[in-house]
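Residue-level structural notes
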Amino acid sequence: MQVESVDEARGLALCAAEDGARSTVEIALVEPVVPGDRVLVHAGVALTGLGA
Amino acid sequence: MRYVDEFRDPELGRVLATEILAAVEPGRHYKFMEVCGGHTHSIYKYGVDDLLPANVELVHGPGCPVCVIPMGRVDDGIALARRPEVIFTCFGDMMRVPGSEGSLLDAKAEGADIRMVYSPLDALRIAKSNPDREVVFFAIGFETTAPSTALTLKRARAEGVKNFSCMCSHVTIVPPLRALLDSPDLRLDGFVGPGHVSTVVGARPFEFIPADYGKPIVVAGFEPLDILQAIRMILAQLAEGRCEVENQYARVVPYEGNPRALEVMAEVFELRPHFEWRGLGFISQSGLKLAEAYADLDAELRFEVPGVRVADPKACQCGEVLKGVIKPWECKVFGTACTPERPIGTCMVSSEGACAAYYNFGRFAREREVV
Amino acid sequence: MGEPSVISEREGKILGIIETARGKRAKFRDERVNMSHGAGGKATQSMIEGLFVPAFGSEALAAMGDAGAVEADGTQLALTTDSFVVKPLRFPGGSIGELAVNGTVNDLAVAGARPLALSLSLILEEGLAAVDLRAEVDAIARAAEMAGVRIVAGDTKVVERGSADGMYACTSGIGLRDPRSSMATDAIRPGDRILLSGTIGEHGTAIMLARGEFELDAEIRSDTRSLWPAVDALLEEAGPSLRCMRDATRGGVASVLNELARASSVAMLVREAAVPVDPAVAGASEILGIDPMYVANEGKLVAFVAPEDSERALAALRSVPGCERAEEIGEVRTEPPGMVLVETSFGGKRVMDQLVGDPLPRIC
């Protein structure tokens, strides 16, 4: 999924799949991420970055 | 979708299938285990096994985290769910797994407040919006989902959410593999290693498989081309007499895993001395529980759970099926006491498990083999 | 190649036991009704075939069509009934009122009957806001007008708070069987083509997301609409070649194909790449681990057409507003009877089985 916006205070990011489906994702394990980064998400947690 | 579509290109699939056909020794039968339930699902979804030569057989491994949860744990979960103050939350695929007297889905029909969540964070959200209820999250899964549970528990602690707790049934991937490999009657030639688990633990923990047991393993991604490529890599190792850990999924899996995830897990969880696996029995140091520091969030301590062990029916031979020693139809209870509607062992619980697949599609699979 | 493919005596015997068990009429053996009995898969089937059909002993019911046939003084009528429970009452693309009209209209339409009139029963929960009731009554009136049916009878009950999710609606419908075609669930023949009237999975996905249970959000609208215009066009262009039609509601396209493959004792081969799926639906289902082929639609039909007329039928479908993305998604084969096979977009083949219960999101 692609990071759309980051809520640093809460350690969450709004991420969108390639087709527009959006969900809130925990990003503590891959920080720092910035909007535009792609991440692999499992059970609501970004497990690894996939580069921009 | 472009990123994903590259790995679903049927043209490249045919090229790989041809290469695999060229790489197999005629007359030799290959058995490879795909460890992860996610691989099993992709293989099914895309019909990957249909593209393999008849003498390359894929054996579905123990890596379906819901299917390996033993009956006793399901019963404990149902007991918690039945408490009037409890909202019991779990992943959707856990709902149908049978305990000794029905599944969570049945308990829901009888009035228990059971809700399906997509992530532990959803469960925490339910807790925050229902402050007068106790919300229990039934945590299951390998190292892929364990970090998610760990982070949620840390978040619950940090945000001071008092009505949230976790029934931890997380498991780890290496011990069951070692248990399988330890059995003298194992008939496997190599392993397709788990992809998502490896994003957390890395590829290093699998080094014992070639080193101690002389079997090749290739960590693979979940797209159909990933799986075909991993199979070709295993075949190449066998043909060249190599035996090592290779990483087909390097675009996602760092060899060392995700150290931060491992750190969080180490902080929140500790190993149980042993954990029971449906169909495989007790395996030591294979399950996780909440660490001392998080004991106040442990549902098994907060509430009384029966904790009764329900033995797998003696006749169930899932272990042998997983090891590739017997075929599903050779099991004593297959098709009689154990059916997809009333499953006993892990191989029948999952719709993609070896036994369920054989029960549903056996005749069709046979016809394909003859063609 | 490999091990010789000889079926041993014991394996043959076990395959035989399975076949016999599968061939038997499903039995209703559960101790309680649970949610899977309402999901349109195997459990629903066990309740219908194992309890209702034997108890009522009616030929029209045993034919298991979407609407039953009734003859009155030489006039061929079709009768159907449906109840609607949906949470939330309103969702992107529609509401319970529209579903109640279109659902029953569609059951008549796919049975080849021109919808004439509906009855409407409402079960209202104590405390329901008048503004919500009014909105649904408007929605029902609008949908009935668009579908060209009148509502000619009705009933209302109010139940105590907590006994219904705001409101439940039941509609029964009567239609005039169209003489341009005679269809039956067992009329499908090898060689027939399978047509699908548009993109799948929108209704079920929209509802799932509208419930807000998942931290997931996507722009997906329910596809609820009357299918009569589509059926009318098919009857006009290819009436005599139409074997059978179904609207792919709960259980999705996969369940329709499985039911009909069994009813007609044929095999079906579906080309996954030909099945139209909206990218937003594909994405949401991928994240939730659900196959759109099993997700409910409220305005999509599957039609079986003789091969020589399939192109004309497809063109006729595509000319109907809302069916522009209709496709031929596969064909009927002989072997293995009762089974639906999918040629995946990746080039492999697999069996597309009946659903056991509700489609549940998966994590592993």
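Please read these numbers as outputs of a predicted model, since none were measured by experiment.

Re the packing of helix H7 (residues 146-158) of chain B against helix H12 (residues 259-268) of chain B
Residues and elements named next belong to chain B.
- For the pair H7 and H12, the least separation of the axes is 9 Å and the interaxial angle reads 60°. Here H12 runs oblique to H7, going by the angle between their axes. Between H7 and H12 the crossing geometry is left-handed. Of the residues in H12, those touching H7 at Ala 146, Pro 147, Ala 150, Leu 151, Leu 153 and Lys 154 are Ala 261, Val 264, Met 265, Glu 267 and Val 268.

A short note on the domain arrangement of chain C
All names here are of chain C.
- Taken domain by domain, chain C holds domain 1 (24-58), domain 2 (66-177) and domain 3 (193-351).
- A C-alpha centroid distance of 24 Å is found between domain 1 and domain 3.
- Every contact between the two is made by six residues of domain 1 and, on the other side, four residues of domain 3.
- Regarding the contact of domain 1 and domain 3, the summed buried area is about 360 Å², with carbon and sulfur atoms giving 31% of it.
- For the pair domain 1 and domain 3, the interface holds one salt bridge.
- Ionic pairing is found between Glu 49 and Arg 262, a salt bridge with its closest N-O pair at 3.6 Å.

Things to note about the interface of chain A and chain B
- In this assembly, 19 residues from chain A lie in contact with 23 residues from chain B.
- Taken together, both faces of the contact between chain A and chain B bury some 1900 Å²; the carbon and sulfur share is 58%.
- The largest share of the area that chain A buries against chain B comes from Leu29(A), Ala43(A) and Leu47(A), three residues that together contribute 31% of it.
- Counting the contacts that link chain A with chain B gives one salt bridge.
- Arg155(B) serves as the salt-bridge partner of Glu26(A), at 2.9 Å between the closest nitrogen and oxygen.

Remarks on the environment of Val149(C)
- Mapped onto the secondary structure, Val149(C) falls in the loop between helix H5 (130-147) and strand S6 (150-159).
- For the pair Val149(C) and Val281(C), spaced 132 residues apart in sequence, the C-alpha to C-alpha distance is 31 Å.

Some remarks on the sheet that holds strand S10 (residues 267-271) of chain C
Residue and element names in this part refer to chain C.
- Across the sheet, which stays open at both edges, the seven strands sit in the order S9-S11-S8-S12-S10-S13-S14 with mixed pairing between neighbours. In this open sheet, the two edge strands, each paired with only one partner strand, are strand S9 (242-247) and strand S14 (349-351). Going across the sheet, the axis of each strand differs from the next one's by a mean of 25°, ignoring polarity.
- Pairing of S10 with strand S12 (residues 327-333) involves four bridges; the strand directions are antiparallel.

Looking at helix H11 (residues 224-240) of chain B
- Its 17 residues place the ends of H11(B) 24 Å apart at the C-alpha level, agreeing with the 24 Å of an ideal helix rising 1.5 Å per residue.
- Residue Gly241(B) follows H11(B) closely and has a positive phi angle near 70°.

Describing the pairing of strand S1 (residues 30-36) of chain B
All names here are of chain B.
- Counting buried residues along S1, seven of its seven residues qualify, which places the element largely inside the surrounding structure.
- Taken together, the six bridges between S1 and strand S2 (residues 56-63) define a ladder with parallel strand orientation. Paired with Cys 36 across the two strands is Gly 63, which belongs to S2.
- Note that the unit made of S1, helix H3 (residues 37-46) and S2 has a crossover that is right-handed.
- Pairing geometry for S1 and strand S7 (residues 190-193), over three bridges, is parallel. The residue of S7 that forms the bridge with Glu 34 is Val 192.

Brief notes about the side chain of Ser285(C)
- Within the secondary structure layout, Ser285(C) lies in helix H9 (residues 279-288).
- In terms of polar contacts, Ser285(C) uses its side chain to reach the backbone carbonyl oxygen of Val281(C), at 2.4 Å.

Points about the pairing of S9(C)
Residue and element names in this part refer to chain C.
- Taken across its six residues, S9 has five buried, putting it largely inside the fold.
- Sheet topology places S9 next to strand S11 (residues 301-305); five bridges connect them, and they run antiparallel. Along S11, the bridge assignment pairs Asp 247 with Leu 301.

Section: the sheet that holds strand S5 (residues 134-141) of chain B
All names here are of chain B.
- Read across the open sheet, the four strands follow the order S4-S3-S5-S6; overall the sheet is parallel. Both outer strands of the open sheet, strand S4 (114-117) and strand S6 (164-170), are each paired with one neighbouring strand and no more. Across the sheet, the mean angle separating the axes of adjacent strands is 25° when strand polarity is ignored.
- Note that strand S3 (residues 86-91) and S5 share four bridges and pair parallel. Pairing of Ile 87 across the sheet is with Val 135, part of S5.
- Packed onto the sheet, helix H6 (residues 120-129) meets S3, S4, S5 and S6 and runs at close to 175° relative to S5.
- Sheet strands touched by H7: S5 and S6. Its angle to S6, the strand with the most contacts, is close to 160°.

Definitions and cut-offs
Residues numbered from 1 in each chain as written. Chains lettered and ligands numbered in written order. Predicted model: local features only at pLDDT ≥ 70, side-chain atom pairs only at ≥ 80, totals over all residues. Heavy atoms only, no water. Axes fitted to C-alpha atoms, helices over the stretch in contact; angles between N-to-C directions. Helix = DSSP H or I, 4+ residues; strand = E, 2+ residues; numbered from the N terminus. Parallel < 35°, antiparallel > 145°, perpendicular 65-115°, else oblique. Left-handed = near helix turned anticlockwise from the far one by under 90°. Contact = heavy atoms within 4.5 Å. Domains from an automatic or database assignment. Buried area = accessible area lost by both parts, 1.4 Å probe. Salt bridge = Lys/Arg side-chain N within 4 Å of Asp/Glu carboxyl O. Pairing = 2+ DSSP bridges. Expected span 1.5 Å × (residues − 1). Buried < 20%, exposed > 50% of the residue type's maximum accessible area, 1.4 Å probe, protein only. Right-handed = clockwise from strand over helix to strand, strands pointing away. Polar contact = N/O pair within 3.5 Å; in protein donor to acceptor, adjacent residues only side chain to side chain.

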